[in-house]
Amino acid sequence: MAAKTHRVLPGFGLALGYTLVYLSLLILLPLGGMVLKASELGFGQIIDIALGERSLAAFRVTFGASFLAAAVNAFFGLIVAWILVRYPFPGKRFVDALVDLPFALPTAVAGITLATLYAGNGWLGRFIEPLGIKVAYTPLGIVVALTFITLPFVVRTLQPVIEDIETEVEEAAASLGASRWQTFVKVIFPAIFPALLTGFALAFARAVGEYGSVIFIAGNLPLISEITPLLIISKLEQYDVLGATALAVVMLALSFILLLAVNLLQWWTANRHKNNEPLEVTAAKASGGAQ
Amino acid sequence: MSIEIRNISKRFGNFVALDNINLNIPTGELVALLGPSGCGKTTLLRIIAGMESSDQGEILFSGAEASHLHAREREVGFVFQHYALFRHMTVFENVAFGLRVKARKERPSDAEIKRRVMELLGLVQLDWLADRYPSQLSGGQRQRIALARALAVEPKVLLLDEPFGALDTKVRKELRRWLRRLHDDMHISSVFVTHDQEEALEVADRVVVMNHGKIEQIGSPDEVYSSPASPFVYQFLGNVNVFHSRVQGCYAEVERNESAEKATAFVRPHDIDITHQPSEEGLQATVQHVHPIGPVVRIELLHGSEIVEVELSRERHEALQLAVGQSVWFRPRQMKVFNGDDLLRSTPEKQAFLF
């Protein structure tokens, strides 16, 4: 018989029950309904809709742009988080608060603002368009909008982890002869990599589902700059509910697989150095080994 | 490699961490920096390691100016109180780190690295843990790994910042002895910081007692314990009873005459003897507590309103049969008198006191 472990805070059963009900109502039920609706179509039909030229292009734009945006943020978000944690500078709190703005701003506002900025006659657009870089109403615009929207995810996931790195570890590396670059690559980066992956996954997931900001800057040209969420909406507007559901289900499945993969990778990098052997065993061997 | 510290000063804002420190550490010596927290001992160690810069003064390694060198160029091994091991690396990789980051032309081959690391792990008797991660080790094991890691780059100087501070008493004792042996085998200079006087006295060749950013005394463990240079050293190293006395000639009088200058007399608890007979040179007191602690018996006497601590051997206590509430006489066998301005007063050949 398993010994009953006593915990400081009781109520595991209640809490688990609540969690399951909550998740069921909020996530499983709507998603399940969607899958049920989609099952009115055959598997073959769903695949047919998903592999249509227009939907395929939309998937490519959605996932491609999301991936790029998340990757851009993984890099620059790391720098922002690093600066915010490690260096004191005037206006630091202000910058820190600025990072959260994309969370708070209605995404449509963000989209319109970015579109205005990057349009051919906008403040930024008028300088970069002569250089041959067209941002507004192109897939590049989608990447810009998604980068804006997902910045906080990477920064906020990394901040506490960077704060946790003891400066002693860096000093130890320096005293062992490591250059700054070696210290970063060999000591600091491995420590923050799992969190960076988490931030990346969160940003990516958010970007895949983003609608409001993108439609204003994307131009929404079928086959070029049309994202899947928009395609779903347009199908709904034509009362093609089944078609919309089919696309949604495929998107759901793809997102789930990608997120699962990232999470597995994240879990692996975070846990490979603590394949937890009980401490007692180690301690017993230790007393055998120490003189 | 010898270390010379010249006129080092360091402030943090208004706080003076180090105030004009001068210290020479000859090659091969094991030196303890001893003092209460906030006395500047860790700051001094970090300045030697190049992890902190001094506001003034210079550090010389083997007679050559080293103040401008970055930590990675100083060839110094540093051991931290909380180990600072690389969590995502195995024990083997932790120890190998210093070798692997060497410039390509100096870097040993993989086989050589493996040989050296296993040799070091053998030295710290943890070669069977090579594949583990630091989180799987006990505190004592982690600190030994940290030492092996510091030694891997063959430093000329080993610096240890409260190396055993986070460990329990038994492990700490074991590691102390082991550090001493290691130091003797490696022929390097070592400096370690501690606030534990027992540790400093047991391990070090020389003890540097620090307080408020200044060096109070430098000397062998025996010197600093038996002839402390200042009241601070007296009080920091071991228990002590403090009597306010007046000095007359070479006699320190506690409680007698109203003449002469004020002074303070220091007596160690084990330098006090207790008798049942009234004695001319003793003071009367009542026994307040009797605590047998291991090999000694600690007695608390109440003299007037002051508590006097006395340590008796078990045999002496057996002979005296002290009971709480009893009235007894006590007199010091040895004492040290300091003037009000902290200068040593009594001359050793005439350990004079009169009660």
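Rules of the game
- Residues numbered from 1 in each chain as written.
- Chains lettered and ligands numbered in written order.
- Predicted model: local features only at pLDDT ≥ 70, side-chain atom pairs only at ≥ 80, totals over all residues.
- Heavy atoms only, no water.
- Helix = DSSP H or I, 4+ residues; strand = E, 2+ residues; numbered from the N terminus.
- Buried < 20%, exposed > 50% of the residue type's maximum accessible area, 1.4 Å probe, protein only.
- Contact = heavy atoms within 4.5 Å.
- Areas by Shrake-Rupley, 256 points an atom, 1.4 Å probe, with all protein chains shown as cover.
- Lys, Arg positive; Asp, Glu negative; His and termini not counted.
- Charge placed at Lys NZ, Arg CZ, Asp CG, Glu CD.
- Pairing = 2+ DSSP bridges.
- Axes fitted to C-alpha atoms, helices over the stretch in contact; angles between N-to-C directions.
- Core = buried A, V, L, I, M, F, W, Y, C linked by side-chain atoms within 4.5 Å.
- Buried area = accessible area lost by both parts, 1.4 Å probe.
- Salt bridge = Lys/Arg side-chain N within 4 Å of Asp/Glu carboxyl O.
- Parallel < 35°, antiparallel > 145°, perpendicular 65-115°, else oblique.
- Nonpolar A, V, L, I, M, F, W, Y, C, P; charged D, E, K, R; others polar.
- Phe/Tyr/Trp six-rings, centres within 6.5 Å; stacked < 30°, edge-to-face > 60°.
- Lys NZ or Arg CZ within 6 Å of the ring centre and 35° of its normal.
- Polar contact = N/O pair within 3.5 Å; in protein donor to acceptor, adjacent residues only side chain to side chain.

A. Spatial organisation of the overall build of chain B. The helix and strand tally for chain B stands at 9 helices and 20 strands. Scored against the burial criterion, the 355 residues of chain B give a buried share of 50%. By sequence separation, contacts in chain B at least 24 residues apart represent 64% of the contacts at least 6 residues apart. Summed over all atoms, the accessible surface of chain B reaches about 15,900 Å², with 48% contributed by carbon and sulfur.

B. Representation of the overall build of chain A. Each helix and strand in chain A was counted, giving 13 helices and 0 strands. If you list the helices and strands of chain A from N to C, you get α-α-α-α-α-α-α-α-α-α-α-α-α. Taken along its principal axes, the extent of the C-alpha atoms in chain A is 80 × 60 × 30 Å. Taking the contacts inside chain A whose residues are at least 6 apart along the sequence as the reference set, 74% of them involve residues at least 24 apart. Summing over all exposed atoms, chain A offers an accessible surface of approximately 16,700 Å²; the carbon and sulfur share of this is 72%. Side-chain charges in chain A split into 18 positive and 18 negative, and the spacing between the mean points of these groups amounts to 2 Å.

C. Structural context of the sheet that holds strand E16 (residues 296-303) of chain B. All names here are of chain B. Within the open sheet, the 5 strands sit side by side as E14-E18-E15-E16-E17. Their pairing is antiparallel. Pairing within the sheet leaves two strands with one partner each, and these edge strands are strand E14 (272-275) and strand E17 (306-313). Here the average twist between neighbouring strands, direction ignored, is 45 degrees. Both strand E15 (residues 283-293) and E16 contribute to a ladder of 7 bridges, which runs antiparallel.

D. How the structure looks around the nonpolar core. Core analysis: the biggest nonpolar cluster contains 47 residues, and B:Val95, B:Val117, B:Leu121, B:Ile145, B:Leu147 and B:Leu158 have the highest contact counts within it. Looking at this core, the element that brings in the most residues is helix H4 (residues 139-152) of chain B, giving 7 residues. The contacts of B:Leu158, once residues within four sequence positions are left out, are B:Gly77, B:Val79, B:Leu147, B:Ala150, B:Leu151, B:Ile188, B:Ser189, B:Ser190 and B:Val191. By size, the runner-up hydrophobic cluster in this structure holds 41 residues, among which are A:Val169, A:Ala178, B:Leu18 and B:Ile47.

E. View of the interface of chain B and chain A. Contacts between chain B and chain A engage 33 residues on the former and 30 residues on the latter. For chain B, the biggest contributors to the area lost against chain A are B:Arg72, B:His88 and B:Gln136; these three give 21% of the whole. Taken together, the connections running from chain B to chain A amount to 1 salt bridge. The salt bridge partner of A:Glu171 is B:Arg46, with a shortest N-O separation of 2.7 Å. Residue contributions to the side of chain B that touches chain A peak at 4 residues, all from H4(B).

F. Structural detail: unusual backbone geometry. The residue A:Tyr239 is not glycine, and still its phi comes out positive at about 60 degrees. Inspection of the secondary structure puts A:Tyr239 in the loop between helix H11 (228-237) and helix H12 (241-271). According to the relative accessible area criterion, A:Tyr239 is exposed, its value standing at 74%. The phi angle at B:Glu162 is positive, at roughly 45 degrees, despite the residue not being glycine. Counting through the fold element by element, B:Glu162 comes out in the loop between strand E7 (157-161) and helix H5 (169-186). Residue classification places B:Glu162 among the buried positions, given a relative accessible area of 9%.

G. Examining the pattern of salt bridges more closely. Residue and element names in this part refer to chain B. Evaluated as defined, the whole model comprises 32 salt bridges over all chains. Between Glu112 and Arg116 there is a salt bridge whose closest N-O contact spans 3.8 Å. Residue Glu112 and its partner Arg116 are located together in helix H3 (residues 110-123), separated by 4 residues, close to a single helical turn. On the basis of relative accessible area, Glu112 is assigned to the partly exposed category, the value being 26%. Exposure remark for Arg116: the relative accessible area of 18% places this residue in the buried category. The residue Glu199 makes a salt bridge to Arg176 at a minimum N-O spacing of 3.8 Å.

H. Highlighting the sheet that holds strand E5 (residues 64-65) of chain B. Residue and element names in this part refer to chain B. The sheet built from 4 strands is open, its strands ordered E2-E1-E4-E5 with antiparallel pairing. Each edge of the open sheet is held by one strand with a lone partner, namely strand E2 (15-25) and E5. With 7 bridges connecting them, strand E1 (residues 3-12) and E2 associate as antiparallel partners. Counterpart to Ile3 in the pairing with E2 is Ile25. Together, E1, E2 and strand E4 (56-61) form the strand contacts of helix H1 (residues 41-49), whose direction differs from that of E1 by roughly 120 degrees.

I. How the structure looks around the packing of helix H2 (residues 43-50) of chain A against H12(A). All names here are of chain A. Running from N to C, H2 and H12 point in directions that differ by 85 degrees, and their axes come no closer than 9 Å. Between H2 and H12, the crossing angle belongs to the class labelled roughly perpendicular. Of the residues in H12, those in contact with Ile46, Ile49 and Ala50 of H2 are Gly243, Ala246, Leu247 and Val250. Of the residues belonging to the contact of H2 with H12, the class tally is 6 nonpolar, 1 polar and no charged.

J. Layout of the packing of aromatic side chains. Under the defined criterion, the tally for this structure stands at 15 aromatic pairs over all chains. Aromatic side chains A:Phe103 and A:Phe153 sit 5.1 Å apart centroid to centroid with 85 degrees between the ring planes, which places their arrangement in the edge-to-face category. Pair noted here: A:Phe103 is in helix H4 (residues 92-104) and A:Phe153 is in helix H7 (residues 139-164), with a separation of 50 residues, a long-range link. Among the residues examined, A:Phe103 registers a relative accessible area of 45% and is labelled partly exposed. Ring geometry for A:Phe200 versus A:Phe204: centroids 6.4 Å apart, planes at 10 degrees, classification stacked. Taken together, the residues span about one helical turn, with A:Phe200 and A:Phe204 both in helix H9 (residues 180-209) at a distance of 4 residues. Judged by relative accessible area, A:Phe200 falls into the buried class, the value being 13%. Grouped by ring-pair contacts, the aromatic residues A:Phe59, A:Phe63, A:Phe67, A:Phe200 and A:Phe204 constitute a single cluster. Taking NZ or CZ as reference, B:Arg149 lies 4.6 Å from the ring centre of B:Phe86, over its face. Taking the ring centre of B:Tyr225 as reference, the NZ or CZ of B:Arg268 above it sits at 4.3 Å.

K. A look at the side chain of B:Arg268. All names here are of chain B. Turning to its location among the elements, Arg268 is positioned in the loop between strand E13 (261-267) and E14. Lacking a salt bridge, the buried Arg268 has Asp271 as its closest oppositely charged neighbour, with an N-O distance of 5.8 Å. Of note is the side chain of Arg268, whose polar atom sits 3.0 Å from the backbone oxygen of Tyr234. Excluding residues that lie within four positions of it along the chain, Arg268 makes contacts with Tyr225, Pro228, Tyr234, Leu237, Gly238, Asn239, Val240 and Asn241.

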